[in-house]
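Coordinate inspection notes
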Amino acid sequence: MAKLTRKNFLKGAALGTISLPFLIRGCGPTNIAQNTSSGPNIITDKKFQWKLVTTWPPNFPVLGEGCTYFANWVREMSGGRLDIKVFGGGELVPPLEVFDAVRTGAADIGSGAAYYWAGKIPSAQFFASVPFGMNAQQLNAWIDNGGGLQLWEALYADYGLVPMSGGNTGVQMGGWFNREINSLSDFKGLKMRMPGLGGKVLKRAGGSPVLLAGSELYTGLEKGTIDATEWIGPYHDYKMGFHQIAKYYYSPGWHEAGTALEIIINKNKMEELPKDLQAIVRTAAARMNLWTLSEFEAKNGIYLDKLINEEKVDIRKFNPEILNQLRTYTEEITEELASQDAFSRKVYDAYQKFRQQATNWSKLSEKVYYNDLQI
Ligand code: CA
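Criteria and thresholds
For every chain, the first residue of its written sequence is number 1, and the numbers climb from 1 along that sequence. Reporting in this predicted model follows two pLDDT cut-offs: at least 70 for local features of residues, and 80 or more for side-chain atom pairs to be given and counted; totals over whole chains, interfaces and linings ignore these cut-offs and use all residues. Only heavy atoms go into the side-chain values, all of them from the structure, while hydrogens and water stay out. A donor here means an N, O or S atom no more than 2.8 Å from the metal, or no more than 3.2 Å when the metal is Na, K or Ca. Since water is not included, a site may seem to lack partners. In this scheme, a residue with accessible area under 20% of its type's maximum is buried, one over 50% is exposed, and one in between is partly exposed, where area comes from a 1.4 Å probe on protein chains only. Pairing of aromatic rings covers Phe, Tyr and the six-membered ring of Trp, with a centre-to-centre limit of 6.5 Å; geometry is then stacked below 30 degrees between planes, edge-to-face above 60, and tilted otherwise. What counts as a helix is a DSSP run of H or I of at least four residues, what counts as a strand is a run of E of at least two, and both are numbered from the N terminus. Only strands joined by at least two bridges in the DSSP assignment are considered to pair. Comment: axis = line fitted to C-alpha atoms, over the contacting stretch for helices; angle = value between 0 and 180 degrees taken between N-to-C directions. Should any heavy atoms of two residues lie within 4.5 Å, those residues are considered in contact.

For the calcium ion, the full set of protein donor atoms is Q172 (OE1), E230 (OE), E230 (OE), W231 (O) and E256 (OE), at a range of 2.1 to 2.9 Å. Using a relative accessible area of 4% as the deciding quantity, one classes Q172 as buried. Residue classification places E230 among the buried positions, given a relative accessible area of 0%.

Following this line, the structure appears as structure tokens:
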């Protein structure tokens, strides 16, 4: 083998001829090989079959598609040793019973968002979305690299579940309305579909939050069961057809600045897998996490253009006075949530500390770039 010099390395890397063991030996005492977990990994032909239940309607764009890709990637990487069958919401269990289905072992793995379980685990909401909270980039950084995942795992361990990130919507839109929202008083009596902590904030502003499944929103808005609805962003909202029955499309989604989706796995089922299959599951989930965010980002610009130029949608922005007051309500509500129990306080404090530091950095980087450099 040729001596490893910078010149040979560049030549070898370009040609793809430098072998992995050579590179690992060259990395010195902190090389990757020494950091992998100890013990042999016995690879056998044993096949595993998992059921993946989702909170999304069958074949739902992006969210359901991501689950199908995830299952395909796992199947391909494992050579078929882990075969995952995907069930849309309602096909095996109702959408909001995914948590219990995976917890009890009726299903092996689930896809949803942590704020759907707020009734059981209030502090789970910190791992999905906090109004005026972290965006996708910051939340991914906190969960995967900033200690968030360890807190999330500890929270779900009591339920025999292993959580991990499984997608992110990016910053959402503020919703569809048939009347202008010019002051906070315009929220008074407004029946609006808004889940999670955002719904609590809306209620404090005088509104009437309604929790409806995605499949019921169009009819609800058309028939006047609700006056307004939020959903996700231009791509998904266009597919839902809201521009046909609502006049104003408001920005920004103050209530969901970057909602994280989750994968939950029955802990016993995860531990039954050999280590290589466990690593494949985690790798596919990480790919799904990025794929989902990228899919929304790739499509939102295209569909925003359609909404503006083809559908002539009236796009508005909430004014700063409204947003400032909603932010104050959010601070009150998240503080109340954190005060419920010691673990919620621990998660909230960790979330806030990370958010503040990430925001201080963003003010010198992303914010300057968006405000001053990107037109
Ligand atoms: Ca939403």
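Here the focus is the packing of aromatic side chains. In total, this model carries 25 aromatic pairs according to the counting rule given. Look at F99 and Y159: their rings are 5.5 Å apart centre to centre, the planes differ by 70 degrees, and that puts the pair in the edge-to-face class. Of the two residues, F99 is situated in helix α5 (residues 98–104) and Y159 in the loop between α7 (148–157) and β4 (161–168); the sequence distance between them amounts to 60 residues. Residue classification places F99 among the buried residues on the basis of a relative accessible area of 0%. The class for Y159 is partly exposed, based on a relative accessible area of 27%.

Before going further, it helps to examine the environment of A358. If you trace the backbone, A358 turns up in helix α14 (residues 342–364). Classification of A358 by relative accessible area gives buried; the value is 13%. Sequence separation between A358 and Q137 is 221 residues, and the spatial gap between their C-alpha atoms is 9.6 Å.

Let us now look at the sheet that holds strand β1 (residues 48–54). Across the sheet, five strands lie side by side as β2-β1-β3-β10-β4; this open sheet has mixed pairing. Strands at the two margins of the open sheet, each flanked by one partner only, are β2 (82–87) and β4. Strand-to-strand twist in this sheet, taken as the mean axis angle between neighbours without regard to direction, amounts to 25 degrees. Pairing geometry for β4 and strand β10 (residues 260–266), over six bridges, is antiparallel. Looking at β10, one finds that S165 is bridged to E262. Here α7 sits on the sheet and contacts β4 and β10; the angle it forms with β4, its principal contact strand, is near 130 degrees. Across the sheet, helix α12 (residues 275–309) lies against β1, β2, β3 (109–112), β4 and β10, angled at about 30 degrees from β4, the strand it touches most.

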